[in-house]
Amino acid sequence: MDPVSILLGGLSSGMVLFIVSVGLSVTMGLMGFVNLAHGGFAMLGGYVIVLAMKHWGLSFVPALALAFVVVAAFSVVLERLLYARLYRAQELDQVLFTIGLVFVMTAAVTLGVGPETQVIRLPDWLRGQTDLGFMTYRTYSLALIVVGTLLVIALWLGFERTRYGARIRAAVDNRRMAQSLGIDVGRLFTVAFALGSGLAAVGGGLGAEILGLDPNYPLRYLVYFLIVVAVGGLGKVTGVFFAALLIGVLDFVLKLYFPKGGTLFIYALALMLLLWRPQGLFGRKSA
Amino acid sequence: MLETRGLCKNFGALEVAREVNFRLELGARHALIGPNGAGKTTFVNLLTGVLAPSRGSILLEGEDVTALAQAKRVKRGIARTFQINQLFRGLTVQENVCIAVSERLGVGGAMLRSAGQRADVLAEAARLIEMLKLGNDTGRRIIELPYGRQRLVEIAIALGLSPRVLLLDEPAAGIPSAETHILLDAIATLPKDIAVLIIAHDMDRVFRFAERITVLVSGAVFAEGTPQEIAANREVRAVYLGSALDA
Amino acid sequence: MSPAPDALQRRHRFQWWELLPWATGLAMFFAFPNYLSFGTQLLVTILFALSLDLVLGYAGIVTLGHAAFFCVGAYTVGILAQQLGWNEPLSGLVAAGLAAGIVGLISGFVLLRTHGLTLLMVTLCTMTLLEQAANMGHAWTGGFDGMPGLSFTMILGLFPFDVLYFKSQYLYSLSVLALGFVVVRTLVYSSFGQSLTGIRENLLRMHAVGAPVRGRLIVAYGISAALAGVAGGLFTQVTGYVNLAVLGLERAAGVMIILILGGHGRLYGAFVGAVAYLVLEHLLAKAYPTAWQLGLGLTLVAVALFARGGLIGLFEKLRGAR
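The rules behind the values
- Residues numbered from 1 in each chain as written.
- Chains lettered and ligands numbered in written order.
- Predicted model: local features only at pLDDT ≥ 70, side-chain atom pairs only at ≥ 80, totals over all residues.
- Heavy atoms only, no water.
- Contact = heavy atoms within 4.5 Å.
- Buried area = accessible area lost by both parts, 1.4 Å probe.
- Salt bridge = Lys/Arg side-chain N within 4 Å of Asp/Glu carboxyl O.
- Helix = DSSP H or I, 4+ residues; strand = E, 2+ residues; numbered from the N terminus.
- Nonpolar A, V, L, I, M, F, W, Y, C, P; charged D, E, K, R; others polar.
- 1 Å grid on protein atoms, 1.4 Å probe; cavity = no way out; pocket = protein on both sides within 12 Å on 5 of 7 lines; lining within 4 Å.
- Points joined across faces, edges and corners; volume = space filled by probe spheres on them.
- Pairing = 2+ DSSP bridges.
- Axes fitted to C-alpha atoms, helices over the stretch in contact; angles between N-to-C directions.
- Phe/Tyr/Trp six-rings, centres within 6.5 Å; stacked < 30°, edge-to-face > 60°.
- Buried < 20%, exposed > 50% of the residue type's maximum accessible area, 1.4 Å probe, protein only.
- Lys NZ or Arg CZ within 6 Å of the ring centre and 35° of its normal.

### Description of the arrangement of the chains
The top pair by number of contacts, from a total of two pairs of chains in contact, is chains B and C. Looking at chain A next to chain B, you find no contact at all, with the nearest C-alpha pair sitting 9 Å apart.

Rendered as structure tokens:
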């Protein structure tokens, strides 16, 4: 494979990682909540898309939008009813609760849909190859790169240029200070949580091509999503973006050249990085 | 006994300690007062090694301890209490005090003998618990105690380290006035060669106790003297009145 | 409900009811001769959960990678037996404990400088790393398939491993568990154990009483790792095989769930949790695997929200309310 193809392949899977993980980064940064169930929302999104396309004949893009809305709404219900009770709890309780949630989601999907791997049929215009002038490449991978880039720009603008974004940044930086300035961190969190879960749902659907889609999805990729967030830094949209791309490309290259155990290096790198900079590559050190 | 020379601490552009030169004499009963945000607790954190100073040095009995870790300073006899209780909340009063006493006696890492068989630790803990009139609460968990009583456990833990320098950060805060005498009695019965520094917000509470008072304002020593001198100092009164008016 | 004023002085003394688990264990041997294979698994799991209790329940280290030490012990025994022909069971267990203990001390030294979310991540990464390494080191570990068909010499030269009925395996495991339990019980009631609970309850205060916090945690981590390693070694010996299933997030989460379900930081939580979990799993998981997972998930959510002391905590509450 030539270097450009490798880079494009890695970037496209990095974009998927980004879309799924960005919400996790913001919510963990805001509340310090250890949410191991985040991948579950991505999986649910994938299933909403599969079901909507199969049973209601929805096409791919509207199904993505539907997944966003459904999962975001569902996550708000969970957040208000359950997550909110554990904000002040110990990490251990949060870990238990979210692992339990993963089990419930996995079992529910297995019961409702079945244990087999689902395939999301891409529309014709996303299949095949696109001529880039100097080379041709898979249209879908290119589309992922475009979508991911647009998304990070939109999120960056939202974070840096809107009052809402400024509030979230303030609250990630120093929750108590933000609260004393009259920012309702609880409500902020609910909105961020919904947005993040909705994006994860979209990511689950977009990434089914690369990551697959079956009931074990949340557990299988749990460590991956967490690594992306940890490397990128909590609550840092651009940090997560670059971390996701880095890991996506690295993973792609390693799997290509060291098909057996190439991912070992990713874990080793993540481990060393976390020991060296616990706040992540792009996070700022807290005082 | 304990001395600081040119002690400075910055958090970014914020100076919380400015050129603090301070001496705590052997057996002193010293008070450190100052308005809110004067940097009193920061000063205690610098003395105990929770924070590292930006500049300056800390000397204990003439020896430089500035680079020494917190645990090492405790071993050398610097003990403190916290402005907000820092207790082992799920454990009993007895266990709380025993943990401190075990560390002082160097048996905190002993694995074979049961903590309940350490007669020396238990006896010392019992003595301290009696001294702070906590005898009826020995077996109660911290979370079951009213805040004022918890405050006394805080003192018992510090005394359990048999310090030579005792730093009490706002010890009376949260203790109902009817019980402050237990605290003051306990402090009064301390061996004379322990140097005690009480950090307080206002003068009234420490007046009876302190032989010397240092006033800290905006991280710097503003005035120092006997209680009478400080009480008579117009500038100190102005600072307090000023901050009272601000508040 | 407050403990009695002299609870500290008395708690290390054996109570009559503390004989119950062991009496039950022996009674099981005679009452259910056909379930001894299951019983042996149960005993191994209890030992594993007990080792986790030391770090999670007592020292308050929230780790997701404890299965790593179980794995080190399991593979140590496996590799010794297969590659070096070292089949003697007792020395095998000692080797497993030592290997896992050393790995525990080293990883504790490196990892325990972090805490909170970072600690969770680095323990998870370490375990995944080990999993990948075991998968790659095919020549030594047998890769994904592991090492089947391991055989061991007689225990103490007297009792052969019994492939059909697990009689000697059961009693052997019960003895190892009893030994491990005595170690953990002695530790948690010692001054060392008391200081671990101090670290769990208030780190800031523990520093302020001059305790060498990090050193204590590393030692506790090492001991706990050694015990988990013994449990892993025992697993390999009694089953006669080892493969990658001993590792991974599901196994690590599983043992944590068992401990929490029983009640962490409570010494007997590992026993109660393992019995409840494995018996239910045995009855439900094969027939209704999905329902089992659903029930487990719901139980975890409920425990996290309402019953943080686990089953023993619930029992304590009921007794206190009476």
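On we go from here.
### What about the interface of chain C and chain B?
Between chain C and chain B, the residue contacts involve 34 residues of the former and 42 residues of the latter. Interface area, chain C with chain B, both sides summed: about 3000 Å², of which 56% is carbon and sulfur. Taken together, the links from chain C to chain B amount to three salt bridges. Residue Arg11 of chain C pairs with Glu95 of chain B through a salt bridge whose shortest N-O separation is 3.1 Å. By residue number, the principal contributor to the side of chain C that touches chain B is helix H9 (residues 191-201) of chain C, which donates eight residues. Looking at the side of chain C that touches chain B residue by residue, the classes come out as 16 nonpolar, 13 polar and five charged.

### Overview of the layout of surface pockets
There is about 1200 Å³ of room inside the second largest pocket. Arg220, Tyr221 and Tyr267 of chain A together with Glu131 and Gln132 of chain C are, among the 42 residues lining the second largest pocket, the residues nearest its centre. Among the elements that line the lining of the second largest pocket, the one with the most residues is helix H11 (residues 237-257) of chain A, at six residues. Of the residues that constitute the lining of the second largest pocket, the class distribution is 22 nonpolar, twelve polar and eight charged.

### Some details on the sheet that holds strand S4 (residues 55-60) of chain B
Adjacent strands of a sheet pair through backbone hydrogen bonds, lying either parallel or antiparallel. All names here are of chain B. Strand order in the open sheet made by the four strands is S2-S1-S4-S5, with antiparallel pairing throughout. Each edge of the open sheet carries a strand with a single partner, namely strand S2 (14-24) and strand S5 (63-64). Across the sheet, helix H1 (residues 40-48) touches strand S1 (2-11), S2 and S4, and the angle it forms with S1 is around 115°.

### A few points about the packing of aromatic side chains
Inspection of every chain in the model, using the stated rule, returns 31 aromatic pairs over all chains. Ring centres of Phe181 of chain C and Tyr268 of chain C lie 5.2 Å apart, and the angle between their planes is 45°; this geometry places the pair in the tilted category. Of the two residues, Phe181 of chain C is situated in helix H8 (residues 167-189) and Tyr268 of chain C in the loop between helix H12 (249-262) and helix H13 (269-285); the sequence distance between them amounts to 87 residues. According to the relative accessible area criterion, Tyr268 of chain C is buried, its value standing at 9%. Taking the centre distance of 5.2 Å and the plane angle of 75° together, the rings of Tyr277 of chain C and Trp292 of chain C count as edge-to-face. One end of the pair, Tyr277 of chain C, is in helix H13; the other, Trp292 of chain C, is in helix H14 (residues 289-306), and 15 residues separate them in sequence. Residue Tyr277 of chain C is classed as buried on the basis of its relative accessible area of 11%. Taken together through their ring pairs, the aromatic side chains of Phe33, Phe41, Tyr83, Tyr87, Phe97, Phe189 and Phe193 of chain A make up a single cluster. For Arg80 of chain B, the ring lying beneath its charged end belongs to Phe82 of chain B, and the centroid distance is 4.0 Å. The ring of Phe235 of chain C is capped by Arg251 of chain C, whose NZ or CZ atom sits 5.5 Å from the centre of that ring.

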